[in-house]
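# Report on the structure
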Amino acid sequence: MGERRSVALSGDGLQPNAMVVESVVQAVLASPKYAALDPALVASLAAQELRKGRRVKEAIKKVKDRLHQSAASYWKVPPHYARWRVALEAAEDEPVLKAQLQSILQTHHSSRERLPFLADFYQTIFAGLASLRSVLDLGCGLNPLALPWMGLPTETAYFACDIDREQVAFLDWWLARQGRRGRAFVWNLLAGAPPVELVDVALLLKMATCLAQLDPAALARLLDEVRASVFVISFPAQSLGGRDKGMVAHYAATMDALLSGRNWRVERFDFSTELVFRVRKD
Ligand SMILES: C[S@@+](CC[C@H](N)C(=O)[O-])C[C@H]1O[C@@H](n2cnc3c(N)ncnc32)[C@H](O)[C@@H]1O
């Protein structure tokens, strides 16, 4: 028996069949590596791949590849949220809590690379931003766990979004445990700005590559759509394998292109493994 047709011709061109899209989504979510990811994002990638005329098996593989590149590849080991909750709950003082947090932050490439200069990083990016009422962390990874190093006033609300439902549930629990106003929630940034009111600072830390991999126009769209006075946009200064492949020059050029035609004030900060731009829209 031949494979089901994945697309049908309509007035607008190739329209993927909803049942076929759903079968790709179910196949992708059946894999433990992708099971917690936002089904709406998986469905939109599945529709994109089927629209290219791919067969179901090929579409499943392509969607998995793209989710690997944009999310799953950053984990050094699979996350253990239940175990982490227990460890954080058991931490009896600040030094033990920070040691536990550092060992959790080690498990994700993006936060692991930042550990050697964590306090300096936040001191630099928040310097001179008086009375911060709110921070929005877009594609947060495990970054909200760095709150004890951020030096934010207790009343500053922290909003964080990502595409992994279990990760976000864990981070929401963590924010509540810290007594921090705000929340962590599932949001696919390809769908635009998350539903949060005007914030003082929006973080887009090491998001350019993974967003570009899903939609090359996504980052520029977010800069226009997210309601924030200040954006902190960062890029990795080396590849996941630890090699410098001229990435700093490449991302500096990416940032120039992003800002061209926008009359925004820009500051640049160079850390050993991260290139950071702070942009004010006013
Ligand atoms: C390179 S990591 C950066 C994590 C964090 N910003 C940091 O620097 O520590 C990319 C993050 O973006 C998330 N992500 C990927 N695609 C996304 C999307 N479409 N919407 C929201 N988050 C996404 C991934 O799950 C992952 O946590």
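Since this is a predicted model, take the numbers as computed values, not measurements.

Before going further, it helps to examine the overall build of the protein chain. Scanning the protein chain from N- to C-terminus turns up 12 helices and 9 strands. Relative to the compact-globule value of 19 Å for 282 residues, the protein chain shows a C-alpha radius of gyration of 20 Å, a close match. Principal-axis analysis of the C-alpha atoms gives the protein chain an extent of 65 × 50 × 40 Å. For the protein chain, restricting intrachain contacts to residue pairs at least 6 apart in sequence, the fraction spanning at least 24 positions comes to 66%.

To continue, consider the pairing of strand 3 (residues 134-138). The element strand 3 is largely enclosed, with a buried count of 5 among its 5 residues. What you see with strand 3 is no split at all: S134, L136 and L138 on one side and V135 and D137 on the other are buried throughout. As judged from the 5 bridges shared by strand 3 and strand 4 (residues 157-162), these two strands associate in the parallel manner. Within strand 4, the residue paired with L138 across the bridge is C161.

Across the sheet, 7 strands lie side by side as 5-4-3-6-7-9-8; this open sheet has mixed pairing. This sheet does not close on itself; its edge strands, each paired only once, are strand 5 (182-186) and strand 8 (265-270). Here the average twist between neighbouring strands, direction ignored, is 15°. Here helix 9 (residues 165-177) sits on the sheet and contacts strand 4 and strand 5; the angle it forms with strand 5, its principal contact strand, is near 175°.

Domains assigned within the protein chain are domain 1 (7-70) and domain 2 (109-280). The C-alpha centroid of domain 2 is placed 28 Å from the C-alpha centroid of domain 1. If you list the elements that add at least two residues to the side of domain 1 that touches domain 2, you get helix 2 (39-51) and helix 3 (56-70). In the side of domain 1 that touches domain 2, the residues fall into 4 nonpolar, 3 polar and 2 charged.

What follows deals with the site of the ligand. Close contacts around the ligand come from 21 residues, with A71, S110, G139, G141 and L205 the closest. Contributions of two or more residues to the shell around the ligand are made by helix 6 (109-114) and helix 10 (208-214).

Judged by nonpolar contacts, the single largest core of 73 residues is most densely connected at V24, A46 and A202. Sequence-distant contacts of A46, defined by excluding residues within four places in its chain, comprise V21, V24, V25, A59 and V63.

This part takes up the environment of Q178. Looking at the secondary structure, you find Q178 in the loop between helix 9 and strand 5. Remark: the alpha-carbon pair of Q178 and P95, spanning 83 residues in sequence, is separated by 15 Å.

Judged by how many residues are buried, strand 7 (residues 228-236) sits mostly within the fold: 8 of 9 residues are covered. As defined by bridge partners, strand 6 (residues 199-205) adjoins strand 7 across 6 bridges and the pair is classed as parallel. Along strand 7, the bridge assignment pairs V201 with V230. Alignment of strand 7 against strand 9 (residues 274-280), held across 7 bridges, turns out to be antiparallel. Looking across to strand 9, one finds that I233 is bridged to F277.

Rules of the game
- Residues numbered from 1 in each chain as written.
- Predicted model: local features only at pLDDT ≥ 70, side-chain atom pairs only at ≥ 80, totals over all residues.
- Helix = DSSP H or I, 4+ residues; strand = E, 2+ residues; numbered from the N terminus.
- Rg over C-alpha atoms; globule rule 2.2 N^0.38 Å.
- Contact = placed C-beta atoms within 7 Å.
- Buried ≥ 20, exposed ≤ 12 C-beta atoms within 10 Å, placed from the backbone.
- Pairing = 2+ DSSP bridges.
- Axes fitted to C-alpha atoms, helices over the stretch in contact; angles between N-to-C directions.
- Domains from an automatic or database assignment.
- Nonpolar A, V, L, I, M, F, W, Y, C, P; charged D, E, K, R; others polar.
- Near = placed C-beta within 6 Å.
- Core = buried A, V, L, I, M, F, W, Y, C linked by C-beta atoms within 7 Å.

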